[in-house]
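Spelled out, the chains give:
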Amino acid sequence: MVPDSVENNDPGGGRGRGGRLATHLMVVEGMDCADCAAKLEKSFSKLKGVVESSVQWINARAKVVYREDEIGRDEIEYHVRSRGFRTREASRSASITFSIEKMDCPGETAVIERTLKRLDGVEKVQFFLVSREARVRFNEEKISVGRLMEAVREAGFDVSVKGTAPAPPGLFARAADFLPTIVSGALLVAGFIAGVILGLDAGKPLVGLLAGFPRSIPALGGGELMVMSFYAAGIVTGGFRIFRRGLSAVRRLVLDMNTLMSIAVAGAVLLGEWLEGATVVFLFSLARVLETWSMNRARRAIGALMELAPQEALIRRNGVEKRVPVENVGVGETVIIGPGQKIPLDGVVKSGTSAVDQSPITGEAMPVEKRSGDELYAGSINGQGALEMETVGLARDSTISRIMRMVEEARAQRAPTQAFVDRFAKYYTPAVIAAAGLVHWVPYLFFGEPFEKWFYRALVMVVIACPCALVISTPVSIVCGLANAARRGVLIKGGAYLEAVGTVRVLAFDKTGTLTTGKPEVTDVVVLGGGDEREVLKCAAAVEARSEHPIARAILARARQSGVEPVPGENFHAAPGRGAKAALGGRECFVGSHMFFHEAGNCYPGLHDRIAGMESADRTVVTVGADGELLGLITVSDRVRDGAARVIERLRSAGVRRVVMLTGDTPGTAQKVAAALGVDEYRAGLMPGDKVSAVRELLDSYGMVAMVGDGVNDAPALAASTVGIAMGAAGTDAALETADIALMADDLSQLPGTIRLGRTTRSTVKQNVVFALFTKLLFLALAGMGAATLWMAVFADMGASLIVIMNGMRLLKVRF
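Residues numbered from 1 in each chain as written. Predicted model: local features only at pLDDT ≥ 70, side-chain atom pairs only at ≥ 80, totals over all residues. Heavy atoms only, no water.

(A) Seen up close, unusual backbone geometry. The phi dihedral of Asn318 falls on the positive side, at around 55 degrees, and the residue is not glycine. Note that Asn318 resides in the loop between β9 (312-317) and β10 (320-325). Positive phi values are uncommon outside glycine, yet Asn571 reaches one of about 55 degrees. Looking at the secondary structure, you find Asn571 in strand β21 (residues 570-575). (Helix = DSSP H or I, 4+ residues; strand = E, 2+ residues; numbered from the N terminus.)

(B) Looking closely at the nonpolar core. By size, the foremost hydrophobic cluster in this structure holds 50 residues, and its most contacted members are Leu507, Phe509, Leu651, Ile725, Ile741, Leu748 and Leu751. When residues of this core are assigned to their parent elements, the largest contribution, 8 residues, is made by helix α15 (residues 468-487). Excluding anything up to four places from it in sequence, Leu507 contacts Leu651, Val656, Arg658, Val659, Val660, Ala706, Val708, Leu751 and Ile755. In this structure, Val227, Tyr231, Trp274 and Val432 belong to the second largest nonpolar core, which totals 47 residues. (Core = buried A, V, L, I, M, F, W, Y, C linked by side-chain atoms within 4.5 Å. Buried < 20%, exposed > 50% of the residue type's maximum accessible area, 1.4 Å probe, protein only. Contact = heavy atoms within 4.5 Å.)

(C) Broad picture of helix α14 (residues 451-464). Between its terminal C-alpha atoms α14 stretches 20 Å, which fits the 20 Å expected from 14 residues at 1.5 Å a residue. Of all the 14 residues making up α14, 11 are buried; the element is thus mostly covered by neighbouring parts of the structure. Restricting attention to buried positions, one finds in α14 the residues Trp454, Phe455, Tyr456, Arg457, Ala458, Leu459, Val460, Met461, Val462, Val463 and Ile464. (Expected span 1.5 Å × (residues − 1).)

(D) Broad picture of the sheet that holds strand β2 (residues 50-56). Across the sheet, which stays open at both edges, the 4 strands sit in the order β2-β3-β1-β4 with antiparallel pairing between neighbours. In this open sheet, the two strands that pair with only one neighbour each are β2 and β4 (86-89). The mean angle between the axes of side-by-side strands here comes to 25 degrees, regardless of whether they run parallel or antiparallel. Bridge count for strand β1 (residues 21-29) against β4 is 4 bridges, and the pairing is antiparallel. Among the inter-strand pairings, Met26 is bridged to a residue of β4, identified as Glu89. Contacts between helix α2 (residues 73-81) and the sheet are confined to β1, β3 (61-67) and β4, with β1 contributing the most and set at about 30 degrees to the helix. (Pairing = 2+ DSSP bridges. Axes fitted to C-alpha atoms, helices over the stretch in contact; angles between N-to-C directions.)

(E) Examining the packing of aromatic side chains more closely. Counted by the stated rule, this structure contains 4 aromatic pairs. With a centroid separation of 6.3 Å and 75 degrees between ring planes, the pair formed by Trp441 and Phe451 is classed as edge-to-face. Here Trp441, found in helix α13 (residues 416-446), pairs with Phe451, found in helix α14; they are 10 residues apart in sequence, far enough to count as distant. Aromatic side chains Tyr444 and Phe451 sit 5.2 Å apart centroid to centroid with 80 degrees between the ring planes, which places their arrangement in the edge-to-face category. On the accessibility criterion, Tyr444 (33% relative accessible area) is partly exposed. Given a relative accessible area of 29%, Phe451 falls into the partly exposed group. Members of the aromatic cluster, connected to one another through ring pairs, are Trp441, Tyr444, Phe451 and Phe455. In this arrangement the basic side chain of Lys370 is found over the ring face of Tyr377, its NZ or CZ atom lying 5.9 Å from the centre. A cation sits over an aromatic face here: Arg457 above Trp454, 4.3 Å from the ring centre. (Phe/Tyr/Trp six-rings, centres within 6.5 Å; stacked < 30°, edge-to-face > 60°. Lys NZ or Arg CZ within 6 Å of the ring centre and 35° of its normal.)

(F) A look at the pattern of salt bridges. A full pass over the atoms with the stated rule returns 22 salt bridges. Across the pair Glu150 and Arg147 runs a salt bridge whose closest N-O atoms are separated by 4.0 Å. Taken together, the positions of Glu150 and Arg147, both in helix α4 (residues 145-154) and 3 residues apart, correspond to about one turn of that helix. Take Glu150: its relative accessible area is 40%, and that puts it in the partly exposed class. With its nearest N and O atoms 3.6 Å apart, the salt bridge here joins Glu533 to Arg558. Here Glu533, found in helix α18 (residues 533-544), pairs with Arg558, found in helix α19 (residues 550-561); they are 25 residues apart in sequence, far enough to count as distant. It is possible to trace a salt-bridge network through shared partners that takes in Arg658, Glu681, Arg683 and Glu697. (Salt bridge = Lys/Arg side-chain N within 4 Å of Asp/Glu carboxyl O.)

(G) How the structure looks around a nonpolar patch on the surface. On the surface, Val189, Phe192, Ile193, Val196, Ile197, Leu198, Met226 and Leu275 cluster together to form a nonpolar patch covering roughly 730 Å² of accessible area. The residue Phe192 is located in helix α5 (residues 171-198) in this model. (Patch = residues over 30% accessible without salt bridge, like charges linked within 9 Å, V, L, I, M, F, W, Y side chains within 5 Å. Areas by Shrake-Rupley, 256 points an atom, 1.4 Å probe, with all protein chains shown as cover.)

(H) Structural detail: helix α27 (residues 750-785). When the terminal C-alpha atoms of α27 are compared, their 52 Å separation across 36 residues agrees well with the 52 Å that a helix rising 1.5 Å per residue should span. Phi turns positive, to about 80 degrees, at Gly786, one or two residues after α27.

(I) Representation of the sheet that holds strand β7 (residues 133-139). Ordered by their spatial adjacency, 4 strands build an open sheet running β6-β7-β5-β8, and the pairing between neighbours is antiparallel. Across the chains shown, the open sheet's two edge strands, defined by having one partner strand only, are β6 (122-128) and β8 (159-161). Pairwise comparison of adjacent strand axes, ignoring direction, gives a mean angle of 30 degrees for this sheet.

The following block contains the structure:
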C-alpha cells in the first residue's frame, strides 16, 4: 500500500488547475511481469487529465487519480485494454498496517482506536500490542493513508507504514527515552535531601499558593521554595509526555493510564503532597521504561520469525546473473544459491548437492541432503554446497509467506481468555472511577469527614483503576507461545487453538502417513517359478513403469536397487482395484492382488494358505506372473514410524489420557500396528465419513479431542475435532488451510511438546489474570482503609504489569 498524496476532494490537487479530482481503482488482469506494470504506469502519464497513477504488479491493482472534467473512467479502462490487458472494478476497501512508536499500553490503543474510528471511511482497526502495530481497513475513496497517519500523530504517537520505518534510533535517540526518567529521579532525590537537611516537607498546597499569589511566594522562605522547586521540576521533567498524552486522551473521551496518572499527580500537588506527586511521576516513568524494555525483548523474539527469507535473489536470465527483489522473480526462473545463503523462494533443485538446514520452516534438528529434483523451501539455509534451483511459485505464495500470513492471522485472533479479560476491563475501569468518586464525596458531604483525607484516598483508587496489567496479561503470553511454536516448525492458527490444545485429553490418529510412514516398501520377493528374483522384478516393473500408485513406486524402487532398469511394457490393460497386464518381449506379464490371480483360475490351496499367512503378518501381497504362470510374490509393507511408540509414551506424560487409532485398513493390520505402538483403542475399515462419526463419539465421551492426520484425506475428521492437527504440512497448501495446527515437518515428536506448550500457556494465562486481579483488589481494599499511598499504588500497578509480561515471556523458553 502506497500512501495517497492527493485527496479525492481537493480541487486541482494543489497544482493550480481546476477540475474535481477522482480516483479510479482497477484490477488489471494479464500482467506477467513487473516490467509490464512499469510500462502501463508510465503510459498513464501521457493521458490528458491524469494527475497521478500507480500500478502494482504483485496484487494486479492500478490506481489512477484524474480530473473528471478532462477524462472519464471509461477512457481510462479503454486505454488499459488497448494495451492487451483486461480490467475489472477493484474493491474500495483496502488494508494497511502501521508501526506505532511507544505504543505499549492497552489504554494507549484505546486512544488511537477512538481517534481513527471517528474518521469517515475507517471500517475496522486491529491492534498488535506486542509488535506495536495497528492494521486499519478503510475505504480508499473516502480517506487516504496520509490522513490516517495524521490522525495517529494527533493522538500523540509517531507512526509509519509497516516496512517503511526509518533505521533503528541511534544512541542519542534511545537516550531521549530514559533521560527524562533519570533527571526526574535526580530532582526527586535532590528535593528529598534538601528537605531533610533543612527540616522542611514542602507541603504547601498549590491551590493555596495560587490563591495568595504573589504574596504567598515570599512567605514560603528560600529553603521551602527550593525544595518545592526541585519537586516541581521533577514532576514536569518526568511527566511531560504523560501529561501530553493524558490530555490527548481526555479530548477523545478516553480514560487511559496517562489520564489517570495526570489526575493523580495534579491532585497530589493541589493537596500539597509535592514529594508524593514527584515520586508518582518518577515511579510511573521508570516503570514505563522497564515495561518498554521487557516488551522489546518479546518483540525481538517474535520479529525473528519475520526475517527468515531474504529480500533479494541471485537469478540467471538470458545467460546473465543479477540480483533482483524476490517479488520480481517469476515461476520457472533459475535461482543460484551459494554456500551458507538463505533460500529466497520455494523451488526444486536443478543441479548441485548440499545439506540444507530446514529448521526455520520445519523445526527439523538435522540438515537434510538435497539433490536434483528435491524440494527447497524459502527461508531454509543452504549448507556447504552450491545449488541451482528452479522456482515453483511467486514470493507471495512461498511456504514462508504462508507462515507469515498464518502468524499474522494468529496474532489477530483473540483467545477466549483474552476476550473475557477485554470485556471485563471495559466495565472495570469506569466502575472503579465511579467508586472513587463515591469514596471522596460520600464521607465529605454526608458525614463531615475532611475533604483532603478522602480526596487523597480517591486519587489512590484512580491510579489503581488502570487495567494495564490485567489487559496485557493474556496477549503477551499467547503471542510468546505462538512464537515459540512457530520457531520449532509448529504453526498454530491463533490463541484459541493454543489454549484448546492444552485442554486435550484424547488424541485420535490416522494410521497411514501419520503413525506409519505412508510410503510402502518391498519387504520380500518370493520366487515360485523356475526363474530368479531379477526376472520377477523385471516383469513387475514392466507393468508398473507408468503407475503413480504407492505400491507401484515401491516395486520400481526395489527393481532399481536390484539393478533392474524398468522397461515399460506394451498393450497395457488395467483392472481397477485388482491388477494390470502389459506385454514385454513377446510375453504377457501381469501384476495383481491375490483376488486377481484367483479369479483367473490359477490359484491353488497351498498358494492360497501361503498368501493368507503373509497377509496376516501385516503385509500386502502382489502376485507376479507371465503367460498365465505365476513367477513369484512380492510383499509390501507400510513401516511404522521410527520413534512412534516413544511419542505415544511422551503424550501420556504430557497429560493425554487416551490414544485412539482410526484407519481404513483391515482389522488384522490395524491390530498389529496398534499392538506395536501401545495405543489404547483402534477402529479399522473406516471410510472418511466413519472417521467423522468416530471423532464425534469420542467428543461425546471425553469432551476435548484432537485429531492428527495428513490434512487432506482426513479433512472432515480434522474439522469435527476440537483441534485438527496436520502432519508434514510444509509446502502443502491444503494441509495448511485444513488444520488448526500444522506440523511443518513429517515429525510426530513435535506433538508432545505442542500439547505441553498449550498446557503451560493456559496455566501462565491463568496465573497472570489471577495475579493482576488479586493485586487490584488488594490495593482497592487498602485504599478504602487509607493504608495505601499514591506511590504504592503506582508501584503495584506497573510492577504487576512487568511481572505478567516477564511471566508470559517464559513461554519462549518452553522446551519441546
